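# Descriptive structure summary
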Amino acid sequence: MPQAPDQNFHAVVGVEVEKVLQDSEYATLALGANLSEIVAKAEEFVEQLQGSVGVIGSSGEGSISHTLDLQTAATDAFVRDLGVVIADNSNIADRVIETTGNVSEAAQAVSDVASAARMLCFNTKIEAGRLGDLGRPFIVIADQMRELSEAIAQSNDRISLLTAALTPLLKEVKSSVHSLQGRTSEFTVQNGEHREAIQTMSRKLQNATADTIAAGDEKLAEIIARSGDSLVALQTQDIVSQRLRKILTLVASLADNADAKHPQDIGFLSEELPPSEDSLNAGEMELF
Amino acid sequence: MSKIIIVDDSATMRSQVRQALAAGNFQLVEAVDGQDGLDKVNADPDISVMILDVNMPRMNGIELAEALSKNGRVAKGLKIVMLTTEGHADLIQRAKAAGAKGWIVKPFKPDLLLAAVQKMAA
């Protein structure tokens, strides 16, 4: 005949099981709290990350993309204005060269007139010499006219020298303007290439930020799903603890050698119920 | 803001129900067993939803649901959702007869519980 269980033995087992249960409950609570904190931190991090990359990748006012567009538009406008100014200067240089040519032609005409005047003075002096004393005053006038025509010729020569010196200088100006025009055209082409590169980079940046945001959402959803699974595992741990506690109650009642408690008295409500196909299983829900 | 009472003798389970409902903008109250739950619901007419365990000391969840049905609180609009490891059809029928509006078997999925409580509180 089997011996009755030793009362001390049950008490010792009971204390030990109680300690295990307390440790288990503590661990379950701590894990649950940590899990919630991890999810909260992950949500916070993803929110911050999305905010930061959103600023970089956005296309609204104040964004990198918008600022680049403004800079490009300003550069384009400046280059256009510069082109207009250069074209104007080129036209002015052409007109100055043309006017200088006209001045040279006018100086040549004046030179011809001065030569004719000198010839006229010479003929006047010959004719005045034939008249003897009567022609003497004409000789004086003819000399003065010759001096005057020589002075005109000298001034004219000076004008011709100056216009001759001015023409190559003006041609140099025109050449510089043309060179500037060519450099501006090169800059326009380069600027277009840089703008295209920047726009490509901006598009890549926007795509990368969109990918980062999507990846953040995906990872967060994964963390939340996994934490949900972990919470279910923690609940299962708690359910195991509850059941152990009930078994412990039964063991204690046996150890006390008292009347064994009925399972329903300590919460095993379904123990005496017949099996049913309509029963719900773990994780299932029914709303009435 | 709806006031919800969580009646469960497990601190772990109450904590996990709290976490599951955190996104729902509810005011949450806790009770540690059936008798505590009955006292708190009787003392607070603003409680509109009860999440109720079955196996608890002093008074089990089915008895609590029946008491609230008898004292007229269920008829006044208190919605009871049973949250338990039990899933036997006879127990479900008893809870339903006492006016419970739902039955969820542990371990529960947090989003499922939140959806059920949001529906009850609406």
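All values reported here derive from a predicted model rather than from experimental measurement.

A separate point is the overall build of chain B. For chain B, the helix and strand inventory stands at five helices and five strands. Helices (α) and strands (β) of chain B occur, in sequence order from the N terminus, as β-α-β-α-β-α-β-α-β-α. Buried residues in chain B amount to 52% of all 122 residues.

Looking now at the nonpolar core. Residues and elements named next belong to chain B. M50, I51, L52, V81 and M82 are the most contacted members of the largest nonpolar core, which totals 40 residues. With five residues, the single largest contributor to this core is strand 3 (residues 47-52). In this view, V81 contacts V49, I51, L52, K101, G102, I104, A116, V117 and M120; residues no more than four positions away in its chain are not counted.

Across the boundary between the two partners, chain B contributes 34 residues, which contact 30 residues of chain A. Contributions of two or more residues to the side of chain B that touches chain A are made by helix 1 (11-21), helix 4 (89-97), strand 5 (102-105) and helix 5 (110-121) of chain B. Taken together, the residues of the side of chain B that touches chain A sort by class into 16 nonpolar, 11 polar and seven charged. The pairing of strand 1 (residues 285-287) of chain A with strand 5 of chain B spans three bridges and is classified as antiparallel. Residue E286 of chain A lies in a different strand from strand 5 of chain B, and its bridge partner there is W103 of chain B.

Quick look at the pairing of strand 3 of chain B now. Residue and element names in this part refer to chain B. Of all the six residues making up strand 3, five are buried; the element is thus mostly covered by neighbouring parts of the structure. Summarising the sheet, strand 1 (residues 3-7) and strand 3 pair through five bridges and their orientation is parallel. Within the sheet, the bridge partner assigned to I4 lies in strand 3 and is V49. Pairing between strand 3 and strand 4 (residues 79-84): four bridges, direction parallel. Counterpart to M50 in the pairing with strand 4 is I80.

Okay, the sheet that holds strand 1 of chain A next. In spatial order, the strands read 1(A)-5(B)-4(B)-3(B)-1(B)-2(B); together these six strands make up an open sheet with mixed pairing. Each edge of the open sheet is held by one strand with a lone partner, namely strand 1 of chain A together with strand 2 (27-31) of chain B. Along the sheet, successive strands turn relative to each other by an average axial angle of 20°, direction set aside.

Okay, helix 4 of chain B next. Think of an α-helix as turning once every 3.6 residues; residues three or four places apart then point the same way. Residue and element names in this part refer to chain B. Inspection of helix 4 places L91, I92 and A95 among the buried residues, and these make up the whole buried set. Projected down its long axis, helix 4 shows its buried positions confined to an angular sector of 100°, all on one face. In this structure, the buried residues of helix 4 make contact with helix 3 (61-70), strand 4 and strand 5. G99 sits one or two residues past helix 4 and shows a positive phi near 105°.

A word on unusual backbone geometry. Only a minority of non-glycine residues have a phi that is not negative, and only a minority of peptide bonds are not trans. Residues and elements named next belong to chain B. Going from K106 to P107, the amide bond is cis rather than trans, its omega being -5°. Of note in this structure, N25 is not a glycine but carries a positive phi near 55°. Within the secondary structure, N25 sits in the loop between helix 1 and strand 2. Overall, the presence of 10 C-beta atoms within 10 Å leaves N25 in the exposed class.

On to the UniProt feature "modified residue: 4-aspartylphosphate" (unreviewed entry) in chain B, then. Residue and element names in this part refer to chain B. Mapped onto this structure's residue numbering, the UniProt feature "modified residue: 4-aspartylphosphate" (unreviewed entry) falls at D53. Mapped onto the fold, D53 is located in the loop between strand 3 and helix 3. Every residue in contact with D53, bar those within four places of it in the chain, is listed here: V7, D8, D9, G61, L83 and T84.

Of all residues in chain A, 87% have pLDDT values of 70 or greater, and the mean over the chain is 80. Taken element by element, the predicted model of chain A shows its lowest mean pLDDT in helix 1 (residues 7-57) of chain A (77) and its highest in strand 1 of chain A (87).

Next up on the list: the packing of helix 1 of chain B against helix 5 of chain B. Residues and elements named next belong to chain B. Viewed as axis vectors pointing N to C, helix 1 and helix 5 meet at an angle of 70°, and their least axial separation amounts to 8 Å. Taken as axis vectors, helix 1 and helix 5 run roughly perpendicular relative to one another. On helix 5, the residues touching V17, Q19, A20 and L21 of helix 1 are P110, L113, L114 and V117. Here the contact of helix 1 with helix 5 is composed, by residue class, of seven nonpolar, one polar and no charged.

Residues and elements named next belong to chain B. Inspection of the secondary structure puts M50 in strand 3. Distance from M50 to A100, taken between C-alpha atoms, is 9.3 Å for residues 50 residues apart in sequence. When neighbours within four sequence positions are excluded, M50 is seen to be in contact with I5, V7, V41, L78 and I80.

All names here are of chain B. Counting buried positions along strand 4 yields six of six residues, so the element is predominantly enclosed. Alternating residues of strand 4 divide into K79, V81 and L83 and I80, M82 and T84, and every residue in both groups is buried. Of the crossover connections in this fold, the one passing from strand 3 over helix 3 to the parallel strand 4 is right-handed. In this structure, strand 4 lies alongside strand 5, joined through four bridges in parallel fashion. For L83, the partnering residue across the bridge sits in strand 5 and is I104. Where the polypeptide runs from strand 4 across helix 4 and back to strand 5, its parallel neighbour, the crossover connection is right-handed.

The rules we used
Residues numbered from 1 in each chain as written. Chains lettered and ligands numbered in written order. Predicted model: local features only at pLDDT ≥ 70, side-chain atom pairs only at ≥ 80, totals over all residues. Helix = DSSP H or I, 4+ residues; strand = E, 2+ residues; numbered from the N terminus. Buried ≥ 20, exposed ≤ 12 C-beta atoms within 10 Å, placed from the backbone. Core = buried A, V, L, I, M, F, W, Y, C linked by C-beta atoms within 7 Å. Contact = placed C-beta atoms within 7 Å. Nonpolar A, V, L, I, M, F, W, Y, C, P; charged D, E, K, R; others polar. Pairing = 2+ DSSP bridges. Axes fitted to C-alpha atoms, helices over the stretch in contact; angles between N-to-C directions. Arc of directions from axis to C-beta. UniProt positions renumbered as here; feature names shortened; annotations may be inferred. pLDDT = per-residue confidence, 0-100. Parallel < 35°, antiparallel > 145°, perpendicular 65-115°, else oblique. Right-handed = clockwise from strand over helix to strand, strands pointing away.

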